[in-house]
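Commentary on secondary and tertiary structure
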Amino acid sequence: MEKNYKLIVPNIKDRQRIDKYITVFVENATRTKVQKSINMGNVLVNGNFVKSNYILKPYDEIDIELPVPDKQEIVPENIPLDIVFEDEYLLVVNKPAGMVTHPAYKNYSGTLVNAVMFYSLKKKDSLSSLNGFERAGIVHRLDKDTSGLMVVAKNDAAMAGFVRLFKTGGISKEYLTLVHGVPPKPSGTVRSLIGRHPGHRKRMAVVARNGKEAVTHYAVERRLGDMTLVRCRIETGRTHQIRVHMQSLGCPVIGDALYGKSAADKCLPHLPARQMLHAAHLTFTHPVTGAPMDFVAPLPEDFLSFLV
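Residue indices follow the written sequence of each chain, beginning from 1 at its first position. For a predicted model such as this one, the threshold for reporting local features is a pLDDT of at least 70, and the threshold for listing and counting side-chain atom pairs is 80 or more; totals across whole chains, interfaces and linings nevertheless cover every residue. Hydrogen atoms and water are omitted, and side-chain values are computed over all heavy atoms in the structure.

Some words on the pattern of salt bridges
By definition here, a salt bridge exists when the distance from a side-chain nitrogen of Lys or Arg to a carboxyl oxygen of Asp or Glu is within 4 Å. Tallied over the entire structure, the rule returns 11 salt bridges. The partner of Lys6 in a salt bridge is Asp63, with the nearest N and O atoms 3.2 Å apart. Within this pair, whereas Lys6 is found in strand β1 (residues 2-8), its partner Asp63 is found in strand β4 (residues 61-67), the two being separated by 57 residues in sequence. Exposure is judged per residue with a 1.4 Å probe applied to protein chains only, and the accessible area is read against the type maximum: over 50% gives exposed, under 20% gives buried, and values in between give partly exposed. Assessed through its relative accessible area of 30%, Asp63 is described here as partly exposed. Note that Asp19 and Arg31 form a salt bridge whose closest N and O atoms lie 3.1 Å from each other. Of this pair, Asp19 sits in helix α1 (residues 18-25) while Arg31 sits in helix α2 (residues 31-39), and the two are 12 residues apart along the sequence. Overlapping salt bridges bring together Arg141, Asp143, Arg243 and Asp256 as one network. Think of it this way: any DSSP run of H or I at least four residues long counts as a helix, any run of E at least two long counts as a strand, and we number them from the N terminus.

Examining helix α5 (residues 241-248)
Here α5 lies mainly inside the structure; six of its eight residues are buried. For α5, the complete set of buried residues consists of Gln241, Ile242, Arg243, Val244, His245 and Met246. Should any heavy atoms of two residues lie within 4.5 Å, those residues are considered in contact. Among the structural elements, β8 (171-180), β9 (187-196), β10 (204-207), β11 (212-224), β12 (227-234) and β13 (277-285) are those in contact with the buried residues of α5. Gly250, located one to two residues past α5, shows a positive phi value of around 80°.

Observations concerning the environment of Ile18
Examined against the element boundaries, Ile18 turns out to sit in helix α1. Overall, Ile18 belongs to the buried group, its relative accessible area being 0%. The spacing of Ile18 and Asn28 is 10 residues in sequence and 16 Å in space, taken between C-alpha atoms. If we ignore the near neighbours within four places in the chain, the residues touching Ile18 are Ile38, Val43, Val45, Val50, Lys51, Ser52, Tyr54, Leu56 and Ile62.

Overview of the side chain of Thr177
Summarising the element assignment, Thr177 is placed in strand β8. A distance of 2.9 Å separates a polar side-chain atom of Thr177 from the backbone oxygen of Met276. Any N or O atom pair separated by 3.5 Å or less is treated as a polar contact, with the protein-specific requirement of one donor-capable and one acceptor-capable atom, and with residues adjacent in sequence counted only for side-chain atom pairs.

Re helix α3 (residues 112-122)
Listing the buried residues of α3 in full gives Leu112, Val113, Asn114, Ala115, Val116, Met117 and Ser120. In this structure, the buried side of α3 is in contact with β6 (90-95) and β7 (147-153). N-cap assignment for α3: the residue whose side-chain oxygen lies 3.3 Å from the backbone N of Val113 is Thr111. Immediately beyond the C-terminal end of α3, within one or two residues, lies Lys124, with a positive phi of roughly 60°.

A few points about the side chain of Asn114
Inspection of the secondary structure puts Asn114 in helix α3. Within polar-contact distance, the side chain of Asn114 engages the side chain of Thr111 at 2.6 Å. Apart from the residues lying within four places of it in its own chain, the contact partners of Asn114 are Ile74, Val75, Pro76, Glu77, Pro103, Tyr108 and Ser109.

Considerations on the packing of aromatic side chains
Geometry of aromatic contacts follows a simple scheme: Phe, Tyr and Trp rings, the Trp one being its six-membered ring, pair when their centres are within 6.5 Å, and the pair is stacked under 30 degrees between planes, edge-to-face over 60, tilted otherwise. Within this structure, the stated rule accounts for four aromatic pairs. Between Phe162 and Phe284 the ring centres are 5.4 Å apart and the planes differ by 65°, which places this aromatic pair in the edge-to-face class. Of the two residues, Phe162 sits in helix α4 (residues 156-168) while Phe284 sits in strand β13, which places them 122 residues apart along the sequence. No difference in accessibility class separates Phe162 from Phe284, as the two residues are buried. Seen in terms of ring centroids, Phe284 and Phe295 are 6.0 Å apart; in terms of plane orientation they differ by 40°. Their pairing is tilted. Taken together, the residues span a long stretch of sequence, with Phe284 in strand β13 and Phe295 in strand β14 (residues 292-296) at a distance of 11 residues. Across this residue pair, the class does not change: Phe284 and Phe295 are buried.

Below you can see the structure in the form of structure tokens.
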């Protein structure tokens, strides 16, 4: 099975090989896979065949056909869940750091979906399938190395209700994060566009155009020498939003491998094993009954170790 992509090269000044360029801007495109596709004639530049060492020119049009890995069967797995709340419509779980939210390329097991599927089968329960089988019941996501509260819809009525809540701002999500340095003000709001980083396909960035609006409200909770504990409330849910916005303030999240300061991390009392970001507080109106819901997840041990 193949997937087609089209890229238009901007007015670049640096010399860039086509095989390297494609791996930056096409998700899951490895150098080996790209070179093989070029050699098979599945990559065209301005309608012409090229070699892997072709040097791109401004405004080149690249047509790409890349193989897509077959989807693997998603199986229930007996993985412990920290369930904060449950009724017939939804689950609220406290996700540990290190757990991927839902299966995707190279992560088809050990995810929250695998765990929730097992739990539901054991109880002879159901999960919403509105977002597809591989995202069964998942209403929103947290990064692998972000811990904290998440909601899971057990049926389609709950999922539809959550979709409405997200569209109308009916869900409030607050995070606690440890950052290097001190934000410029004790509290404030970061408003920006967030889009794909122009040179790093795995990173997001504050961009001037071709991004999505992102709004983060922050407040300093506690000063800890060269570190600061910050509470963030997000109005939008863009990829890596808090991590990108904290970096834009000059206060990257401690332990963040993508946006952080590894040299500063090494100067801490101990080296963080992951980014210090925790979804601590979640409030919403129940998507079916309309009852007010309010949940708090305590900080995990690895986070607390920096606060003593």
